[in-house]
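Read off the chains here:
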Amino acid sequence: MLERDEPDIIPGTDIIFTDKNDGESTSSSEVVLIPQPTSSPDDPLNWSMAWKATIIFNQFVFVFVSIMTPLAISPLSLIFEAEFHKSLSEVNMLFGATAMTLGYSNFLIVPAANMWGRRPVVLVCGLICILCNVWQGLVTSYSSFLGARVISGIGAAANESIMPMVVADLLFQHQRGSSMALYFWAYFLGLFIGPIISGAIATQISWRWFFWVCTILQGASFIFLLVAHPETKYDRPSARTPSSSSSTVVNVRVSTTANEKADTRDVSSSSISAQQAPATLTTAHHNLTGRPSRAQFSLLPMRKRLRFGHSYDRNNSQSQSVTAVLLRDVVAPVKILVCCPIILWASLAMGFAANSLLALNLTTAQVFGAPPYLFNADQIGLVNFAFVVGAIFALFTAGPLSDRIALRRAKANDGVLEAEMRLPALVPYICANIAGMAVVAVGYQRSWPWEAIVVLGYTLVGLQVVGIPAIAIAYAVDSYKTLPGEIMIAATIVKNTFGFGMIFFFNDWAAQSGYIKPVMMMMSLTIGFSILGLGVFAPWGKQFRRWTKDSKLHSL
């Protein structure tokens, strides 16, 4: 039997590998499952891969469709100026009002999802999206249009937070990097494909038909969610821990013979409370054979939380009132931005990377609708294909790359995974932002051929807008595993508040001073905060986590 010295275990630090032959040989089958699943087939962690894939697909479709409608109107700017007799800044307000409600509505959506479950919340939000799409297709005035945009942002806001919460419900820690990349890909793919669709429909038929098409797509998504998206929120019972010890004792024992079962203790600070058996489960010993119960398909909100034991616990002493949950989830995003530097950094890194894309969205019609290009709405929409290409490449690189780097470094660290180990994966996406934004800024200013601006510049910006947020948010969630929804609220508020402010100055600044200064400002903010994360948190991130290791945030 082999015994190790005690590693320094704090939130965000986990034993991710068991090792054989004193750590000289490790394989992916030895990855420790974090969090530890229960023995119940109702536990989403135990559901079959078919069910997990179905739920993630449904979330992917919902995110794609619900974000496409409110944020895909940039090719229609010139049409709306003529239709409603408004200036470009006033037309941009149709985007800005939606962006604000997208961010701040999550102060209600996340508490509701924590209190009553993910399923009823996403169904209600999907229904709001359908009704607002109909409203937008019928508007006859600017004020009515603006009102429809505000309400549609409330429904679409679920795409900013629910999928990361569902990913945390369904998947283990070592699987989340790829799934977070998939989430951001769905989100930004909606932003990229939406303008292509809206521009083509407006040119060939009518801009109103764009909203009718979105109504049909949102209706199909609603049906998918209704029939194949069970409740994923699940409370696992806390294991009793010895009161005589104030620290976690790590004692990893692994058998060295093929006939002897591994006897390991779960040493993760985040999963020890969810431990259900003396033996720690690894990927080699975990069978995904469970499936959702009938109760998890209920259309009604969860009056009590679904807990380990195949039933709703109606005598749960830990149940919290609606007011308590609402207060907690409203205060928590603000508190974590103020008290948790890691989450503040991740929010800023995601926000500025996403707003680099917004800078191009705001100026696309301004640049390509004017001489020497003179693109129509259809052609303006088609330039977004370059973003799609970059985002596809990021989907297959960002999450897998960060997961692979983290696991490889954990193996070299005697099986101990630190949350910071995925941060070096940021480097290629930082380089993509520098090159892409520089090409766009200079190309805009000097009227380069559109092929150079779009094929090279837009593609690289599409690459970084998925890569940087996926890695930054995955790092924050690894560090504060109980707060995926609250982290997304914080990040979305930062992103959308700054983005809302941009609509009031960015186009006018570009018209007065040229495109190099405003575009390069966005590049500088994105690169500056991304490099800050590498320079500060890669070497010293664990110390920042240690400062908050006893915070009540870890028990929310």
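Above this text sits the structure in question.
None of these values were measured; they are calculated from a predicted model. (Residues numbered from 1 in each chain as written. Predicted model: local features only at pLDDT ≥ 70, side-chain atom pairs only at ≥ 80, totals over all residues. Heavy atoms only, no water.)

> I would appreciate a short explanation of the overall build of the protein in the present structure.
The helix and strand inventory of the protein stands at 18 helices and four strands. By residue count, 58% of the 556 residues in the protein fall in the buried class. Long-range pairs, those at least 24 residues apart, make up 82% of the contacts in the protein between residues at least 6 apart in sequence. (Helix = DSSP H or I, 4+ residues; strand = E, 2+ residues; numbered from the N terminus. Buried < 20%, exposed > 50% of the residue type's maximum accessible area, 1.4 Å probe, protein only. Contact = heavy atoms within 4.5 Å.)

> Any chance you could explain the pattern of salt bridges here in plain terms?
Close approach of charged atoms allows side chains with opposite charge to pair. Inspection of every chain in the model, using the stated rule, returns 10 salt bridges. Two residues, R422 and D403, come together in a salt bridge whose shortest N-O distance is 3.1 Å. On the criterion of sequence distance, the pair formed by R422 in the loop between strand 4 (416–418) and helix 15 (427–446) and D403 in helix 14 (residues 398–412) is long-range, its members being 19 residues apart. Comparing R422 with D403, the two get one shared label, buried. (Salt bridge = Lys/Arg side-chain N within 4 Å of Asp/Glu carboxyl O.)

> Hey, could you run me through a nonpolar patch on the surface in this one?
On the surface, a cluster of nonpolar side chains totalling about 560 Å² of accessible area is made up of F57, I223, F224, L226, V227 and L299. Here V227 lies in helix 9 (residues 207–228). With relative accessibility at 55%, the residue V227 sits in the exposed group. (Patch = residues over 30% accessible without salt bridge, like charges linked within 9 Å, V, L, I, M, F, W, Y side chains within 5 Å. Areas by Shrake-Rupley, 256 points an atom, 1.4 Å probe, with all protein chains shown as cover.)

> Is there a simple way to explain helix 9 in this structure?
Each α-helix winds once per 3.6 residues, and so residues spaced three or four apart point in a common direction. In this model helix 9 runs 32 Å from its N-terminal to its C-terminal C-alpha over 22 residues, within 8% of the 32 Å that 1.5 Å per residue would give. Elements in contact with the buried residues of helix 9: helix 1 (49–68), helix 2 (77–84), helix 5 (118–138), helix 6 (142–156) and helix 8 (176–204). (Expected span 1.5 Å × (residues − 1).)

> What am I meant to see in the side chain of T526 here?
Its location among the elements puts T526 in helix 18 (residues 516–547). The buried category is assigned to T526, whose relative accessible area is 0%. Only 2.9 Å separates the side chain of T526 from the backbone oxygen of F352, close enough to count as a polar contact. At 2.9 Å, the side chain of T526 forms a polar contact with the backbone oxygen of M522. In this structure, T526 is in contact with F352, A353, S356, N433, Q464 and I468, ignoring residues within four places of it in sequence. (Polar contact = N/O pair within 3.5 Å; in protein donor to acceptor, adjacent residues only side chain to side chain.)

> I'm lost on the nonpolar core in this one. Help?
Considering soluble globular proteins, one finds that nonpolar side chains tend to be buried as a cluster. Formed by 146 residues in total, the largest nonpolar core has its most connected members in F184, F188, F368, Y458 and I473. In terms of residue count, helix 11 (residues 341–368) provides more of this core than any other element does, 18 residues in total. The next biggest cluster of nonpolar side chains, apart from the first, holds nine residues, and it includes I34, A406, L417 and M421. (Core = buried A, V, L, I, M, F, W, Y, C linked by side-chain atoms within 4.5 Å.)

> What am I meant to see in the side chain of T364 here?
Along the chain, T364 falls in helix 11. Judged by relative accessible area, which is 4%, T364 ranks as buried.

> Looking at this structure, how should I read the environment of A441?
Relative to the helices and strands, A441 is located in helix 15. Overall, A441 belongs to the buried group, its relative accessible area being 0%. Separated by 81 residues in sequence, A441 and L360 place their C-alpha atoms 9.5 Å apart. When residues no more than four places from it in sequence are discounted, the contact partners of A441 are Y515, I516, V519 and M520.

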